[in-house]
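Structure assessment
One letter stands for each residue in the lines below.
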Amino acid sequence: GKILNVASSSSNKYYQNQQLKDLVQALGCGTKDNYNEDNLRYEKIIIMTDADVDGAHIAALLITFFFKEMPQLIVNKHLYIAMPPLYKLSAQNKLYYANDDHDRDAIIKKNFKPNVKVEISRFKGLGEMLPNQLRETTMNVKSRKLLQITVEDNDFSDYEIFIDKLMGSKAETRYNLITEYADFTNH
């Protein structure tokens, strides 16, 4: 499920949120001024959500949490997002996975002749994938796709402004930001 949006919540609400307290405890490194890299229990923190809009929203909430409470995880390159496929494509004993509609269309064009009937399965979520599919596409170190979350420099002021606009409580500010930067063209 979705975690608390720390960008639009009071610190009192955050400190009462059990999901976030459990996450901080599992990582072991503390938050803000109490952060200690030496106590971090994992080299890679991988956010793994469904490959749909809800999954992207959950990932955005988690990235916001880490940015606000443990920015060192990002600066020290520990934070990643898993890129599970949205589609499975199969025909003629060939199997491919696609990340989005554009990727799906490109794979079909590149790997199948126009007259071939390609079976397209859309995953509704990670829980819908068979264990071997999840292992192959998202868990296997050799074949999974990870996106590393980074910052270009250590001056966080621009990032803070952007996150506050995007994740904050003012809907009009978020709308203006999205309409300014989103690419609404069809690919």
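The following refers to the structure shown.

Thresholds, definitions, all that
- Residues numbered from 1 in each chain as written.
- Predicted model: local features only at pLDDT ≥ 70, side-chain atom pairs only at ≥ 80, totals over all residues.
- Heavy atoms only, no water.
- Helix = DSSP H or I, 4+ residues; strand = E, 2+ residues; numbered from the N terminus.
- Buried < 20%, exposed > 50% of the residue type's maximum accessible area, 1.4 Å probe, protein only.
- Polar contact = N/O pair within 3.5 Å; in protein donor to acceptor, adjacent residues only side chain to side chain.
- Phe/Tyr/Trp six-rings, centres within 6.5 Å; stacked < 30°, edge-to-face > 60°.
- Lys NZ or Arg CZ within 6 Å of the ring centre and 35° of its normal.

1. Structural notes on the side chain of asparagine 17
- With respect to the secondary-structure elements, asparagine 17 resides in the loop between α1 (11-16) and α2 (18-27).
- Overall, asparagine 17 belongs to the buried group, its relative accessible area being 15%.
- A polar contact of 3.2 Å, which involves the side chain of asparagine 17, links it to the backbone nitrogen of glutamine 19.

2. Observations regarding the packing of aromatic side chains
- Summed over all chains, the structure comprises 3 aromatic pairs.
- Judged by centre distance (5.7 Å) and plane angle (90°), the rings of tyrosine 96 and phenylalanine 112 are edge-to-face. Of this pair, tyrosine 96 sits in strand β4 (residues 94-98) while phenylalanine 112 sits in the loop between α5 (101-111) and β5 (119-122), placing them 16 residues apart in sequence.
- Assessed through its relative accessible area of 24%, tyrosine 96 is described here as partly exposed.
- When the ring centre of tyrosine 80 is taken as reference, the NZ or CZ atom of lysine 44 above it lies at 5.1 Å.
- Sitting above the plane of the tyrosine 87 ring, arginine 104 keeps its charged end 4.9 Å from the centroid.

Function cannot be inferred from these measures alone, as they are strictly geometric.
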